[in-house]
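Reading the structure
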Amino acid sequence: MSKVGIIMGSTSDLPVMEKAVEILESFDIDVEVDIVSAHRTPEKLFDYAKNAHTRGIQVIIAGAGGAAHLPGMVASLSPLPVVGVPVKSRNSIDGWDSVLSILQMPGGVPVATVALDGALNAGILAAQIVGSNDLSVLEKIIAYKEGLKQKVIDGAKQIKK
């Protein structure tokens, strides 16, 4: 069974991160969700990042606001691909602090970064990574993308009426 880990810095990030949970579950991918704060629970962060692969997790999605060190720290410790979701939080500087904290990683410590509050795309990207080795997930992604295409075609037909 395919499995993605979704972590966030605090419960305030959950409304954004739920979009990743929902899309992954729609692709029948098992999801493990947890709160892991880079600044308030660094020991938990180290344990999570170093051991996620031993629990069958294939990709980690890490969402954080403000200084947003969670995705980068996880990527520095884990052998798994990490997708970072910058979250516009109440203590954020219009979200730019989160975006830049996740985006500007040093060489050797990659974090795939999606748009501000872009947990839906993080979930889709994680599914595509998983789908590269899981045919049933790949087929669901193909169908999902065909559905997106069909919505555009249907919308175009509607405006021409």
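Keep in mind that this is a model prediction, so the values were computed, not measured.

Scoring rules and cut-offs
Residues numbered from 1 in each chain as written. Predicted model: local features only at pLDDT ≥ 70, side-chain atom pairs only at ≥ 80, totals over all residues. Heavy atoms only, no water. Patch = residues over 30% accessible without salt bridge, like charges linked within 9 Å, V, L, I, M, F, W, Y side chains within 5 Å. Areas by Shrake-Rupley, 256 points an atom, 1.4 Å probe, with all protein chains shown as cover. Salt bridge = Lys/Arg side-chain N within 4 Å of Asp/Glu carboxyl O. Lys, Arg positive; Asp, Glu negative; His and termini not counted. Charge placed at Lys NZ, Arg CZ, Asp CG, Glu CD. Helix = DSSP H or I, 4+ residues; strand = E, 2+ residues; numbered from the N terminus. Pairing = 2+ DSSP bridges. Contact = heavy atoms within 4.5 Å. Axes fitted to C-alpha atoms, helices over the stretch in contact; angles between N-to-C directions. Buried < 20%, exposed > 50% of the residue type's maximum accessible area, 1.4 Å probe, protein only.

Negative charge collects at one region of the surface, where Glu18, Glu22, Glu25 and Asp30 lie side by side. Among the elements that make up the negative patch, the one with the highest residue count is helix H1 (residues 14–26) (3 residues).

The 5 strands lie next to each other as S2-S1-S3-S4-S5, forming an open sheet whose pairing is parallel. If you trace the sheet from one side to the other, it starts and ends with strand S2 (30–35) and strand S5 (112–113), each paired once. Judged from the 6 bridges that link them, strand S3 (residues 59–65) and strand S4 (residues 82–87) form a sheet pairing that is parallel. Of the residues in S4, the one forming a bridge with Ala64 is Pro86. Helix-sheet contacts for H1 involve strand S1 (3–8), S2, S3 and S4, and the interaxial angle to S1 is about 175°.

To continue, consider the pattern of salt bridges. Summed over all chains, the structure comprises 6 salt bridges. With a closest N to O distance of 3.4 Å, Asp28 and Lys140 form a salt bridge. Of the two residues, Asp28 sits in the loop between H1 and S2 while Lys140 sits in helix H6 (residues 135–160), which places them 112 residues apart along the sequence. For Asp28, a relative accessible area of 45% translates into the label partly exposed. Glu32 serves as the salt-bridge partner of Arg55, at 2.7 Å between the closest nitrogen and oxygen. Taken as a pair, Arg55 in the loop between helix H2 (42–51) and S3 and Glu32 in strand S2 lie far apart in primary sequence, 23 residues in all. The network of salt bridges with shared partners includes Lys3, Glu32 and Arg55.

Next up on the list: unusual backbone geometry. One non-glycine residue, Ala68, lies in positive phi territory at about 50°. As for its placement among the helices and strands, Ala68 is situated in the loop between S3 and helix H3 (70–77). Judged by its relative accessible area of 2%, Ala68 falls in the buried class. Here Asp117, not a glycine, exhibits a phi torsion of approximately 60°, which is positive. Assignment of secondary structure puts Asp117 in the loop between S5 and helix H5 (119–131). Under the relative-accessibility criterion, Asp117 is labelled partly exposed at 30%.

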